[in-house]
Every structure is written in structure tokens, then in C-alpha cells.
Amino acid sequence: MTTPACWDGELEAQGRRLTLRHAHLRRVGAPIGRVAWLDEAGHALLAADIVREARFDLFDVDPPVPPELRRDLVLVTVALAWWEHAAEPS
């Protein structure tokens, strides 16, 4: 988990292959808790600020994604946020 590429990934949801992108600080090479889900063409579907442990800010796009896909992305984003905060060194 030492390069920004380690924090990016793919997810198959609702029959689509989506990409997860983490923001990162170039100077220290560290990811930060701002993520975006992209479609196959690289367009944003949902973005989130998951920096704070108990509060997540979600940012929808226009036009909105289908409700079923948004629900899946929100659930995976919450799980990702919980995992990231649990994995932080104390």
C-alpha cells in the first residue's frame, strides 16, 4: 500500500465494471480519504469524502446514476471507509 496505484481498484456492480480512484498526496505518496467511482468511460458516478471516521460526505453527479447502482456504491464506500479507519495505525 505504498503507491497510489495500490489504492485504486475495480468493482463489478450491476453488470458494469467500475473503477475506484483515491486521491493522494504526491509529496508523501500517501492516499487520503477522498474517493471517486468511475464508469467504463472514466466519467464520475459518485464521489465521497471519507476522511472523518464517523461522517461521510457523498457527492452525486448529474445526471444521477440508477438508484440500485448508487445503493451498491454507497455500501461499498462505507465499507471501504470503515476498513481504512480500522487499518490506520493507532
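Residues numbered from 1 in each chain as written. Predicted model: local features only at pLDDT ≥ 70, side-chain atom pairs only at ≥ 80, totals over all residues. Heavy atoms only, no water.

Caption draft 1: Highlighting the pairing of strand S3 (residues 30-38). Note: strand S2 (residues 16-25) against S3, 7 bridges, orientation antiparallel. Following the sheet pairing, His22 is matched in S3 by Val35. Remark: 4 residues form the turn of the hairpin made by S2 and S3, two consecutive strands paired antiparallel; Gly29 in that turn has positive phi of roughly 70°. Two elements, S3 and strand S4 (residues 44-49), share 5 bridges in a ladder whose sense is antiparallel. Looking at S4, one finds that Leu38 is bridged to Ala44. The antiparallel hairpin formed by S3 and S4 contains 5 residues in its connecting segment, where Gly42 sits at a positive phi of about 90°. (Pairing = 2+ DSSP bridges. Helix = DSSP H or I, 4+ residues; strand = E, 2+ residues; numbered from the N terminus.)

Caption draft 2: Molecular detail of the nonpolar core. In this structure, Leu18, Val35, Trp37, Leu45, Ile50, Leu69 and Leu73 are the most contacted members of the largest nonpolar core, which totals 15 residues. Among the elements of the structure, S2, S3, S4 and helix H1 (67-87) are those that each provide at least two residues to this core. (Core = buried A, V, L, I, M, F, W, Y, C linked by side-chain atoms within 4.5 Å. Buried < 20%, exposed > 50% of the residue type's maximum accessible area, 1.4 Å probe, protein only.)

Caption draft 3: Region of the structure containing unusual backbone geometry. A cis amide bond links Asp62 with the next residue in sequence, Pro63, at an omega value of 5°. Relative to the assigned elements, Pro63 resides in the loop between strand S5 (57-60) and H1.

Caption draft 4: Main features of the pattern of salt bridges. Taken as a whole and assessed by the stated rule, the structure comprises 9 salt bridges. Two residues, Arg17 and Glu10, come together in a salt bridge whose shortest N-O distance is 2.7 Å. By relative accessible area, Arg17 is classed as partly exposed at 43%. Across the pair Arg55 and Asp57 runs a salt bridge, and its minimum N-O distance is 3.3 Å. If you follow the salt bridges from partner to partner, you end up with Glu10, Glu12 and Arg17 in one network. (Salt bridge = Lys/Arg side-chain N within 4 Å of Asp/Glu carboxyl O.)

Caption draft 5: Examining the environment of Gly42 more closely. Mapped onto the elements of the fold, Gly42 is located in the loop between S3 and S4. Distance in space between the C-alpha atoms of Gly42 and Trp82 is 26 Å, their sequence separation being 40 residues.

Caption draft 6: A look at the side chain of Thr19. Secondary-structure assignment places Thr19 in strand S2. By relative accessible area, Thr19 is classed as buried at 15%. If near-sequence neighbours (up to four positions away) are discounted, Thr19 is found in contact with Gly9, Glu10, Ala36, Trp37 and Leu38. (Contact = heavy atoms within 4.5 Å.)

Caption draft 7: Structural view of the environment of His85. Checked against the element boundaries, His85 lands in helix H1. For the pair His85 and Val35, spaced 50 residues apart in sequence, the C-alpha to C-alpha distance is 14 Å. Dropping the residues within four chain positions of it, His85 is found in contact with Ile50, Val51, Arg52 and Glu53.

By themselves, these observations are geometric and do not establish any function.
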